[in-house]
Amino acid sequence: MSEKNYKIVVNSELENFIPNLFNDYWDFLDFSNLKYRYTSSAIQEKYGLTASVYYKAVRSSGYLEFKELMDCGKCYANIKVYNRNEVFHLIKKRSHSELFCKTCYSIKFNDSCKMLVNKFSESLPLELIVENKSNEYSLSYLEKIFLYNLITQSDSPEGEYIEEHVWENFLALEAIGLEDIVKSIFDKGYVYNKKYDDCLLEQQVYIKKLYYRNAEEYSDEDTFKNLKLIANLDLSSYFCLNIPELYSNVSSWAHALYTEIANAKLTIFDCKEIEAYLKTKRLMEVYELLDYTCSYWNVPIVKDNALEFELLRMIINYDLNCCFAIIYYQAKETGAFLNKMGSEVTNQQRFTKNHLLRMRVSSYMDYLERKNEKPKHPRPLPLDWVTSEIELFVSMNIIKGYQKWEKYTPEEITSEWLAALDIDA
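Overview of the structure. All values reported here derive from a predicted model rather than from experimental measurement.

Details of helix α9 (residues 198-213)
With 16 residues, α9 should cover 22 Å at 1.5 Å per step; its first-to-last C-alpha distance of 23 Å lies within 8% of that length. Of all the positions in α9, only Leu 200, Gln 203, Gln 204, Ile 207, Leu 210 and Tyr 211 are classed as buried. In an axial view of α9, the angular spread of the buried residues amounts to 125 degrees, which keeps them on one side of the axis. Of the exposed residues in α9, those oriented more than 90 degrees away from the buried face are Asp 198, Glu 202, Tyr 212 and Arg 213. As for α9, its buried residues are in contact with α5 (102-123), α10 (215-218) and α11 (221-231).

Here's the deal with a negative patch on the surface
Taken together, Glu 275, Glu 411, Glu 412 and Glu 416 make up a surface patch of like negative charges. Within the fold, Glu 411 resides in helix α18 (residues 410-419).

Looking at the packing of helix α6 (residues 141-151) against helix α13 (residues 268-297)
As a packed pair, α6 and α13 sit with axes 8 Å apart at the nearest point and diverge in direction by 55 degrees. Accordingly, the angle class assigned to the pair α6 and α13 is oblique. Listed contacts from α13 to Tyr 141, Leu 142 and Phe 146 of α6 are Asp 270, Glu 273, Ile 274 and Tyr 277. Tallied by class, residues from the contact of α6 with α13 come to five nonpolar, no polar and two charged.

As for the packing of aromatic side chains
Scanning all chains against the criterion turns up 32 aromatic pairs. Plain terms: the ring middles of Tyr 105 and Phe 109 are 5.9 Å apart, the flat faces sit at 25 degrees to each other, and that makes the pair stacked. Of the two residues, Tyr 105 and Phe 109 are both situated in helix α5; the distance of four residues between them amounts to about one turn of the helix. Residue Tyr 105 is classed as partly exposed on the basis of its relative accessible area, which comes to 32%.

Quick look at the sheet that holds strand β7 (residues 191-194)
The strand order across the open sheet formed by three strands is β6-β8-β7, and the pairing between neighbours is antiparallel. In this open sheet, the two edge strands, each paired with only one partner strand, are β6 (161-162) and β7. Note that β6 and strand β8 (residues 238-241) share two bridges and pair antiparallel. Pairing of Ile 162 across the sheet is with Phe 239, part of β8.

Let's talk about unusual backbone geometry
A positive phi is found at Asn 298, a non-glycine position, where the angle reads about 55 degrees. For Asn 298, a relative accessible area of 66% translates into the label exposed.

Considerations on the pairing of strand β5 (residues 76-81)
By the alternation rule, side chains of β5 split into Ala 77, Ile 79 and Val 81, which are all buried, and Tyr 76, Asn 78 and Lys 80, of which none is buried. Relative to β5, strand β4 (residues 62-69) is paired through six bridges, and the arrangement is antiparallel. Within the sheet, the bridge partner assigned to Leu 64 lies in β5 and is Val 81. Between β4 and β5, which follow one another and run antiparallel, lie six residues, and Gly 73 among them has a positive phi close to 80 degrees.

A short note on the pattern of salt bridges
Going through the model one piece at a time under the given rule, you end up with 16 salt bridges. For Arg 282, the salt bridge goes to Glu 285, with nearest N and O atoms at 3.0 Å. Placement of the pair is Arg 282 and Glu 285 together in helix α13, with a separation of three residues, close to one helical turn. With respect to burial, Arg 282 and Glu 285 carry one shared label: buried. Between Lys 303 and Asp 291 there is a salt bridge; the shortest N-O distance is 2.8 Å. With Lys 303 in the loop between α13 and α14 (305-317) and Asp 291 in helix α13, this residue pair connects regions lying twelve residues apart in the sequence.

Thresholds applied
- Residues numbered from 1 in each chain as written.
- Predicted model: local features only at pLDDT ≥ 70, side-chain atom pairs only at ≥ 80, totals over all residues.
- Heavy atoms only, no water.
- Helix = DSSP H or I, 4+ residues; strand = E, 2+ residues; numbered from the N terminus.
- Expected span 1.5 Å × (residues − 1).
- Buried < 20%, exposed > 50% of the residue type's maximum accessible area, 1.4 Å probe, protein only.
- Arc of directions from axis to C-beta.
- Contact = heavy atoms within 4.5 Å.
- Patch = residues over 30% accessible without salt bridge, like charges linked within 9 Å, V, L, I, M, F, W, Y side chains within 5 Å.
- Areas by Shrake-Rupley, 256 points an atom, 1.4 Å probe, with all protein chains shown as cover.
- Salt bridge = Lys/Arg side-chain N within 4 Å of Asp/Glu carboxyl O.
- Lys, Arg positive; Asp, Glu negative; His and termini not counted.
- Charge placed at Lys NZ, Arg CZ, Asp CG, Glu CD.
- Axes fitted to C-alpha atoms, helices over the stretch in contact; angles between N-to-C directions.
- Parallel < 35°, antiparallel > 145°, perpendicular 65-115°, else oblique.
- Nonpolar A, V, L, I, M, F, W, Y, C, P; charged D, E, K, R; others polar.
- Phe/Tyr/Trp six-rings, centres within 6.5 Å; stacked < 30°, edge-to-face > 60°.
- Pairing = 2+ DSSP bridges.

Below, the structure is given as structure tokens:
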């Protein structure tokens, strides 16, 4: 402020207006230091006024008006004050809301938002166009079954992407040990992973803050729309389906896949792939039951080639319920023996302890083979056991036996499966 930067505006039409009182009230000796010619007491005495009448007269008689440089450093605000305290707070604190320049702030804010939108759009068009890999490669019979079951499990409205939880469940239930089939579907371009750069995600977080804070008030209509669009974009990592050009949507594609699967004429390669799939699937299931049982009976196990040899031997000869019966009973006996042994063991005993279950399983299978017998009491699978969707699909739609595979060996399932379809010899 300066000495010449203000003027006194008097409301002379006021009823009971007291001439010169207002000029005396705002008569400065030193404006910069807020020193007045008359104190309030002196003015009250001069005009014979009580304090209440005096302050009411001052408040209603007019105002002091001056220009003050706003926070933008370019524009000036016309400030009106009605008493000396307001001038004091304005000068000393310099935080009066009237000093905020909304015009300049809006221009600066809007320009910054436009720059952020442009930068974001350079990395990712607002239309979310994603370059898909070509899916011109043909799928094997088993790959079609995997893909069909994957795309029909999606919960997305249009079915064109696979939610993360669906994908993780599919891998856990269908693809353990069978990752090559899933990889092949990826490599052939039928599924792709839509991921976004960390820098882009950081930009979106910042834009969201601007959008939810004050964008609507300080940005123009078009910029605000773009900020809203970016703020609401779902940049989660998705596994997307690359629908072949022959099909208009996922439903028509799934229907075509089902028809191809149901009417397939198998090649020798398909037959071998089915056989390998069932063998690997059963081995993974037996490993899962082994982990479950060893945890239940607190029995150590070493997963080495010797163990896998015995498990492969087991799945060739017995169905899954019998495999579980062998593992469960021998783990129970092993746990009881180890409890008697106690914790103080030699190195040799420690080696034996870690391999004891495997040796007992091997010995028991030798016994069954000599007797040409199977376990007398096949064991039901755990209550929380989840049956593979692919297993259910094949059983219902191809084999049509409506039986779960736990009652059969991989070889028996293969025979039933292949018998249901034509084979191109």
